[in-house]
Structure formats: structure tokens, C-alpha cells
Amino acid sequence: MNGLEKLVLREGGCSAEVYLYGAHVTSWKNAQGEELLFLSSKALFEPPKAIRGGIPICFPQFSNLGSQSLPPHGFAHNRLWALDAHPQLDPPPNATAAFTEAQAVEREGGMNGLEKLVLREGGWSAEVYLYGGHVSSWKNAQGEELLFLSSKALFEPPKAIRGGIPICFPQFSNLGSLPPHGFARNRLWALDADPQLDPPPNATAAFVDLILSPSHDDFKAYPHSFEYRLRVQLGPGGVLTLTSRVRNTNSDGKPFSFTFAYHTYFSVSDISEVRVEGLETLDYLDNLQDRSRFTEQGDAITFEGELDRIYLEAPRKIAILDHEKNRTFLVIKDGLPDAVVWNPWDKKAKAMSDFGDEEYKHMVCVEAAAIEDPVTLKPTEEWTGRLQLSLVPNTHVGGSLDVPNAL
Ligand SMILES: O=P(O)(O)OC[C@H]1O[C@@H](O)[C@H](O)[C@@H](O)[C@@H]1O
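Residues numbered from 1 in each chain as written. Predicted model: local features only at pLDDT ≥ 70, side-chain atom pairs only at ≥ 80, totals over all residues. Heavy atoms only, no water.

Section: the site of the ligand
Then comes step 1: The local shell around the ligand consists of Arg162, Phe172, His181, Arg185, His263, Asn287, Asp308, Val340, Trp342 and Glu367.
Then comes step 2: Between the ligand and the protein, one listed contact pairs an oxygen atom with a side-chain N or O atom of Arg185 at 2.9 Å.
Then comes step 3: Taken by itself the ligand offers 400 Å² of open surface, and the protein chains cover 80% of this.
Then comes step 4: Considering only residue class, the shell around the ligand consists of 3 nonpolar, 3 polar and 4 charged. (Near = heavy atom within 4 Å. Polar contact = N/O pair within 3.5 Å; in protein donor to acceptor, adjacent residues only side chain to side chain. Areas by Shrake-Rupley, 256 points an atom, 1.4 Å probe, with all protein chains shown as cover. Nonpolar A, V, L, I, M, F, W, Y, C, P; charged D, E, K, R; others polar.)

This is the structure we're talking about:
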């Protein structure tokens, strides 16, 4: 209500709602959806007024039984509470009980005061900025950063963050009238209080749900109503999963189309030692040659210069082998038929103000995407595009790297 943030707990068909304002439980429903708490139809969700109904917390004073200087029932019910990242209380013994993502998610001030969420799971961590719905960091249990983030990345809206996982939506590159890569990466997303998606079955996974709806200006440039929900989840073994759900909420009965990419920047030790496997023999559009169509000939993609290609109908799994680090990134994609591979090399690196001259040596973008056939949604239809990233050791077989087995 009134933009106040709430958390929704769900368990076995039952649900409860908790507002950060007042730490106020406002709803408790049985599996038949019947409300069990009273909430006045005239309740105001307007701080500093307390919410009439639900479970207000009277603290540090009940009624007027105390100091005259405290308001009746104290002040806890009129304050904005925060998610507690270190609750010093065990999770519920019943693993199916719902508890807030506060268990493993910390809300912190990031660069330039932009807010970020930190997910933690088994020593691994990931960071997500509300600005851009942008994953800026993914670290293993040894604290090594697995995503590339430029030392010159600007955290200055409306500039996109250079590195991590920018989201290209509703347009990839300049394939349309919108700014390059659309606008999702330059907007402030909100925490999604009602993600309409069950919590991960594994209760230990840390996750956060974000939502983006078009602003007035976005609507002028892209005249469609949509809800874009993004879940970022860090699961056991450090598996990082991004699930995007875009719904057409147009009331004019019109469909709309978009192109999309998870523009993932992987951190690699030396680009000239990197191989991308899984895209061999595919057709691709070469962005460096007016998007002309070619067929990949080599047995893996290696890098000796600038490369900027859209591989069409790419398989679900792609591997990025980092020879020097003896490790492989596995990219698993669903709902995303294409895959972009990009390295700017030296000249283009120098031309980018938010990218170090030599940094192209330590990054490669492999982007799960939907480009050649734009996604079209009729009103009420929803599209899901999922990206799953994991890290495995390289397997050497007779001197060559045997990734298909790992896949
Ligand atoms: O500088 P931007 O807008 O973040 O784009 C970076 C690159 O993104 C890639 O996805 C494109 O294929 C490239 O052509 C582009 O240069």
C-alpha cells in the first residue's frame, strides 16, 4: 500500500504479510485464502500513522502507561524497520517454513551511495544493484571475483555499469529506436514484494526479487505496459541463477515485442588462452561486418582480435575455458536461443571511457540472448528467460580440454 514495502511469506497454501513499516503483520490467510486478521478498510498506510488492524507492536510502552513524552503504545509501530541480516536465531527447524530472504541477504550502500543487495551461500557471494537490476559481483568461497568489472566502471546513473551482468531490455544493441541495449540497465529497480514465484526448493539458497515497470518517459519511448520481474539466486555450490519474467500488462489489447540479453562479463586470466565451446558449426551474425551471416568453422572460439558475434540457435549449454586458471564457466540458458560473444580488443577498449586500455585481456562477454526472433507477448502473456552460471574445474584428456563431458 502507498509504496510501503512488504514481505509475503507462503507455506502450504497459507500466507502472511509483513510491512517494514512498523514490522507490522497485516495479513494471515488460510489455505482457502480467508483472511484471519482484521484490517480496517479505513486503515491508513501513511507514516507516521500506525496501521489499524493486523498485529501492531506496542513498544517500549503499552498505552499511556509511562512517560508522557512517549506516544500511546510507544513508537515501534510507527518506525521503518530494516531486514536483519544477522538474526542470531536459527532458521525454522522445519525446512519448509517460509522465512524472509533476510537470512542470507544484506542490503548495503554500494558505490556512490547506490543501494546493493549482497547474497551469501556457503562462502560464496553475489552482489546486485537496484540500479539496473545489475549483478556486479559473483565470488567463490575463496573470495575470487568471477565476473569482470572495469576499474573505470562508473556508478553514475544514467550511465550503465561496465561489467558484471547488465540486462539488455527491451532492445539488444541498436536493433531498434531505443538507446543501445534498451533502458533496463539504466533504471532504478525496486524490491518486489509480491514476486508470484515460490521460494527456491532448497531453503538455503539466497535470493532477491526485483521488479521494473516502465516510467512515464519509458512509456513515451516504448509505449507498452509491462512488469519485468527478476530473481537473482545464489544456490548451493555457488550456482548463480537469474530468472527474468516479462509480462504484457497492456490494457489496449496490443501485443509487444522485445529483444534481450544477459550481457555477462566473465573474468578471465588471459583472453588469448580462453576457448568458448558449444558454438562450433553454428551460424552467426557478425556485428563487425554489418551483421552479415557466416557459419562458424573452428572447433572452438579463440581470441586473436576484436570479436563481436551473435550466434544463432545456440545450444542450451556453453562452456568458457580459462586455461591458466584451470577452470571452466558453464553457462546454461533457457528461453534464450541466441548467444553473443564479445571482446572489444585494444582499439575499442581505448575508445571506451569507462574501460581500461588493457582490460580487454581479462574479460570476455558471453551473453545468453533472444535477438534474431524477438519475443512477442500478447496482453497477460508472460515470457521467462533464465541464465544459470556455475564454475567447474577443467578436465584434461590427452592434452586437450574435455568440456563436453563436463557439460
Ligand atoms: O558499450 P555497450 O553499450 O555496453 O555495448 C558493449 C557491446 O555489447 C555487445 O553486446 C555488443 O555486441 C557490442 O556491439 C557492444 O559494443
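Things to note about the domain arrangement of the protein
Then comes step 1: Segmenting the protein into domains produces domain 1 (1-81) and domain 2 (93-406).
Then comes step 2: Each of domain 1 and domain 2 was reduced to a C-alpha centroid, and the two centroids are 38 Å apart. (Domains from an automatic or database assignment.)

Some thoughts on the sheet that holds strand S5 (residues 115-121)
Then comes step 1: The 4 strands are arranged S4-S5-S6-S7 in an open sheet whose pairing can be described as antiparallel. Looking along the sheet, the strands with just one partner apiece sit at the ends: strand S4 (105-109) and strand S7 (134-139). Taking the axes of each pair of neighbouring strands and ignoring which way they run, one obtains an average angle of 20 degrees across the sheet.
Then comes step 2: Of the strand pairs in this sheet, S5 and strand S6 (residues 124-129) are connected by 6 bridges, and their pairing is antiparallel. When the sheet's bridge partners are listed, Arg120 is paired in S6 with Ser125. (Pairing = 2+ DSSP bridges. Helix = DSSP H or I, 4+ residues; strand = E, 2+ residues; numbered from the N terminus. Axes fitted to C-alpha atoms, helices over the stretch in contact; angles between N-to-C directions.)

Side note on the packing of aromatic side chains
Then comes step 1: Counted by the stated rule, this structure contains 24 aromatic pairs.
Then comes step 2: Between Phe183 and Phe226, the ring centres sit 6.5 Å apart and the planes meet at 25 degrees, which makes this aromatic pair stacked. With Phe183 in the loop between strand S8 (167-168) and strand S9 (190-191) and Phe226 in strand S11 (residues 226-234), this pair connects stretches of sequence that are 43 residues apart.
Then comes step 3: In textbook terms, an aromatic cluster arises when at least three aromatic residues are bridged by ring pairs, as seen for Phe169, Phe183, Trp189, Tyr222, Phe226, Tyr228, Phe256, Phe258, Phe260, Tyr262 and Trp383. (Phe/Tyr/Trp six-rings, centres within 6.5 Å; stacked < 30°, edge-to-face > 60°.)

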